[in-house]
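In case you want the letters, here they are:
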Amino acid sequence: MASYSVWQRSGNEMNIIKKILKICGWVLLVLTVVLMTGWASLAIYYSNLPESLRPVAAIAYGLVSLLVLFVVRPRRRAFMVFIGIFAVVLIWWFTIPPSNNRDWQSDVAILPYAAINGNMVTIHNIRNCDYRTETDYTVRHYDRTFDLAKLQSADLFLVYWGSPYIAHTMFSFGFGDGNFVCISIETRKEKGEAYSTIKGFFRQYEITYVVADERDLVRLRTNYRNEDVYLYRLKAQPEIIRKVFLDYLRQVNRLKDTPEWYNALTDNCTTALRGHTAPYNPHAKLDWRIIVNGFGDQFIYEEKILDQSLPFEKLKAVSHVNARGRAADKDPNFSQKIREGLPGI
């Protein structure tokens, strides 16, 4: 009798577990359906369809997809039709081609490129805009030849424009003759186009590598946008810095010939930066702060890639260069002045 009671109790527990698993399965299924429908609807809404057609097509897709699940029977066939409709949208979305031929904003209209001949690298179309305000500027470019034998340093800029959790990253390469090449991975916007994080997930912007003078890229952010800019010297051997620099330039040249899409999650300023550095760092690892990159400096400090002479909080405080940028302004020695006295430099 006692053994029967134990068996009955065990059977009841198994039934409860089965019910819980079934409920969890349904919750997961519903969540998957909602996410797939939502993503596909947004992909249609933020697409290259005629503007008047986008909202109608997005709503129609969402309604038809959900209607299929409620009307078509048996249920297995309904899910097959639902997945089929989603697959059509997904295939169409992946076939939308990026382009280098649009009516670009003047600051990103001209693409840089590099000619590499042994140790000598000539970078064409280095940007150096003359800013009067954030939106009022004269676009200027110059060419310069660099000797890779003089490449000595790599610096990371972290730029906060709002949330402390997300930052824009820029990489700057320093040469022994006092020259710096700063590279900012950005969206290439058309005239009249503004940046939208949501649109950044849906093939609305091509990606561009802005190769520029620091009096352009850094000064724009410290002096005109009033964004918080932090500058860190990275601890790396010159031969590694050289490999990373050339890796950046190879992508710069590729983009001049073959445009690519920007993606706010998978191909942005920080994920691309990691893509250029990780192959040459045997200790590279994934970390949540690569996505929530406002904490990226904390991550690389813990990895001992930054100067360790100060606690991280103090290092970050002294690495804030806005006041230095405003004081240096148009000074030809802008790059040297914003670095004076910084740890590790």
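See the structure above.
Residues numbered from 1 in each chain as written. Predicted model: local features only at pLDDT ≥ 70, side-chain atom pairs only at ≥ 80, totals over all residues. Heavy atoms only, no water.

**Student:** Would you explain the pairing of strand 1 (residues 113-117) in this entry?
**Tutor:** Remark: a regular strand shows side chains that alternate across the two faces of the sheet. In this structure, strand 1 lies alongside strand 2 (residues 120-127), joined through five bridges in antiparallel fashion. Residue Asn117 lies in a different strand from strand 2, and its bridge partner there is Met120. Here strand 1 hands over to strand 2 after two residues, with Gly118 in that stretch at a positive phi of 65°. (Pairing = 2+ DSSP bridges. Helix = DSSP H or I, 4+ residues; strand = E, 2+ residues; numbered from the N terminus.)

**Student:** When you look at the pairing of strand 8 (residues 180-188) in this model, what are you seeing that I'm missing?
**Tutor:** Of all nine residues making up strand 8, nine are buried, and the element is well covered by its neighbours. Pairing analysis gives five bridges linking strand 7 (residues 168-175) to strand 8, with the strands arranged antiparallel. Bridged to Met170 within strand 8 is Ser184. Taking the residues that link successive antiparallel strands as the turn, the strand 7-strand 8 hairpin has four residues, and the phi of Gly178 there is positive, at about 90°. (Buried < 20%, exposed > 50% of the residue type's maximum accessible area, 1.4 Å probe, protein only.)

**Student:** Sorry, what's going on with helix 6 (residues 269-277) here?
**Tutor:** Each α-helix winds once per 3.6 residues, and so residues spaced three or four apart point in a common direction. Among the residues making up helix 6, those that are buried are Cys269, Thr270, Thr271, Ala272, Leu273 and His276. The secondary structure elements touched by the buried residues of helix 6 are strand 6 (151-160), strand 7, strand 8, strand 9 (206-212) and helix 5 (238-257). Capping the start of helix 6, Asn268 holds a side-chain oxygen 2.9 Å from the backbone nitrogen of Thr270, two or three residues further along. (Contact = heavy atoms within 4.5 Å. Polar contact = N/O pair within 3.5 Å; in protein donor to acceptor, adjacent residues only side chain to side chain.)

**Student:** I keep staring at the packing of aromatic side chains and nothing clicks. Help me out?
**Tutor:** Centre-to-centre distance and the angle between the planes together describe a pair of aromatic rings. Throughout the structure, instances matching the rule amount to 21 aromatic pairs. Consider the rings of Tyr195 and Tyr262, whose centres lie 6.3 Å apart with planes at 85°: the pair is edge-to-face. With a gap of 67 residues between them, Tyr195 in the loop between strand 8 and strand 9 and Tyr262 in the loop between helix 5 and helix 6 connect regions that are remote in the sequence. With a relative accessible area of 37%, Tyr195 lands in the partly exposed category. When the ring of Tyr209 is compared with that of Tyr248, the centres are 6.1 Å apart and the planes differ by 65°; the resulting orientation is edge-to-face. Highlighted residues: Tyr209 in strand 9 and Tyr248 in helix 5, separated in sequence by 39 residues. (Phe/Tyr/Trp six-rings, centres within 6.5 Å; stacked < 30°, edge-to-face > 60°.)

**Student:** Quick question: what am I supposed to make of the packing of helix 2 (residues 54-71) against helix 3 (residues 75-94) here?
**Tutor:** For any two helices packed against each other, one specifies the inter-axial angle together with the distance between the axes. For the pair helix 2 and helix 3, the least separation of the axes is 8 Å and the interaxial angle reads 160°. Relative to helix 3, the element helix 2 lies roughly antiparallel. For the element pair helix 2 and helix 3, the recorded crossing hand is left-handed. Every residue of helix 3 that contacts helix 2 at Tyr61, Val64, Ser65, Val68 and Leu69 is listed here: Ala78, Phe79, Val81, Phe82, Ile85, Phe86 and Val89. (Axes fitted to C-alpha atoms, helices over the stretch in contact; angles between N-to-C directions. Parallel < 35°, antiparallel > 145°, perpendicular 65-115°, else oblique. Left-handed = near helix turned anticlockwise from the far one by under 90°.)

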